Amino acid sequence: MTKQERIAALRARYEALRAQGQALGEFDARIAAAPRQPRTIPPASIRLRTAVPAGWYWHGRVPTGACLRLDNEAGTPGLSCLFWNAIDPSERFCATDTVKVQWTVGIGRGRMLLSDMGRVLASIVEDTCGRHDVLLGAGPPRIDAASSPLEIRNGHENLALGTAKLGLEPRDLHAPVTFFAPLRCAAQRFAWDHGAKLAGTHVDLHAEMDMLAVVSNTPHPLAPAGTVAKDVSLSVWRPERPGISDFCRGATGEAERAFARTGAYLAEMGKGGDDRGA
């Protein structure tokens with residue numbers, strides 16, 4: 001095979017994978033058929049419940065098989081999150097791979113949050129909002145004390161502070177995923193979708209490996225001027241039903257391969273991949 005023939009063959013394979021990956025109707029049908037998670041978490045399943053006040057942050061650990069519930073009862077305009085492999089934090093959430101591998105920026109129910117090693121940190125097993133951002137990041141840092149006094153928090157600082165409290169360093173910071181951020185792209189520009197419903201929505205992330213997490217409750221950079229953050233509820237809970245992320249695993253060929261890589265890694269680390277434990 002000549003070099004040109006090989007390039008043509010690789011290009012044809014890429015186009016075939018893209019066409020299959022962007023067949024959203026088939027994906028949507030599979031996700032719609034999967035059981036929904038209950039709105040109310042059974043009290044016995046809750047391992048941690050706390051509030052993330054407006055302008056502040058939370059940091060902690062989410063064990064394999066547990067779920068992280070982000071509950072946007074009041075409609076805060078953006079909740080930026082960083083995630084790491086708790087065993088080896090040099091492996092972290094990768095926004096570019098999450099978009100590229102899944103052929104979409106439409107991250108929601110049935111999708112994965114991928115690491116920079118091509119493994120699944122978490123799967124989105126429930127999502128009643130469906131409007132999230134993996135491209136634009138958190139709020140920028142202050143320029144000077146006069147324009148943004150210390151008591152006014154921003155997303156960049158919150159994520160840095162949470163990262164430090166996990167024992168990590170500035171080099172461990174990376175691009176976040178921001179939930180509850182309804183963006184649209186028109187005329188080659190990103191803009192906030194003012195008609196999107198945020199209040200009363202929630203997201204459940206199922207940890208496919210032990211995760212470290214930081215959550216910052218500050219408005220998205222494109223939130224309308226004058227928009228303020230609202231308190232958010234956060235829970236770490238253990239699902240009673242095993243295999244709740246199986247529908248994410250079987251949603252696409254890319255998902256099956258990513259979950260297989262994750263399972264092989266967990267087996268090698270002696271962690272296993274079963275979410276039935278306590």
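## Remarks on helix α6 (residues 253-268)
Look at α6: 23 Å from first C-alpha to last across 16 residues, which is about the 22 Å you get at 1.5 Å a residue. Considered for burial, the residues of α6 that qualify are Glu 254, Ala 255, Ala 258, Phe 259, Thr 262, Tyr 265 and Leu 266. Each buried residue of α6 lies within a common arc of 125 degrees when the element is viewed along its axis, so the set occupies one face. Relative to its buried face, α6 has exposed residues pointing more than 90 degrees away, namely Ala 267 and Glu 268. Elements that come into contact with the buried residues of α6 comprise α1 (3-21), β4 (79-85), α3 (95-102), β5 (112-114), β6 (120-127) and α5 (246-249). Backbone geometry just after α6 places Gly 270 at a positive phi near 75 degrees.

## Focus: helix α4 (residues 155-165)
Regarding α4, the residues found buried are Gly 155, Glu 157, Asn 158, Leu 159, Gly 162 and Thr 163. Next to the buried residues of α4 lie β2 (57-62), β4 and β11 (211-216). By the N-cap criterion, in which a side-chain oxygen at the helix start approaches the backbone nitrogen of a residue two or three places on, α4 is capped by Asn 154, the distance to His 156 being 3.1 Å. Trailing α4 by a residue or two, Gly 167 shows a phi angle of about 85 degrees, which is positive.

## Looking at a nonpolar patch on the surface
Where nonpolar side chains cluster on the molecular surface, the patch consists of Val 105, Leu 135, Leu 136, Phe 190 and Leu 222 and spans about 390 Å² of accessible area. Mapped onto the fold, Leu 135 is located in the loop between β6 and α4.

## Remarks on the confidence of the model for the protein
Confidence in the prediction of the protein, expressed as mean pLDDT, is 90, and 92% of residues score 70 or more. Here residues 273-278 scores under 50 on pLDDT; set against residues more than four positions off or in separate chains, the count is 10 contacts.

What counts, and where the lines are drawn
- Residues numbered from 1 in each chain as written.
- Predicted model: local features only at pLDDT ≥ 70, side-chain atom pairs only at ≥ 80, totals over all residues.
- Heavy atoms only, no water.
- Helix = DSSP H or I, 4+ residues; strand = E, 2+ residues; numbered from the N terminus.
- Expected span 1.5 Å × (residues − 1).
- Buried < 20%, exposed > 50% of the residue type's maximum accessible area, 1.4 Å probe, protein only.
- Arc of directions from axis to C-beta.
- Contact = heavy atoms within 4.5 Å.
- Polar contact = N/O pair within 3.5 Å; in protein donor to acceptor, adjacent residues only side chain to side chain.
- Patch = residues over 30% accessible without salt bridge, like charges linked within 9 Å, V, L, I, M, F, W, Y side chains within 5 Å.
- Areas by Shrake-Rupley, 256 points an atom, 1.4 Å probe, with all protein chains shown as cover.
- Salt bridge = Lys/Arg side-chain N within 4 Å of Asp/Glu carboxyl O.
- pLDDT = per-residue confidence, 0-100.

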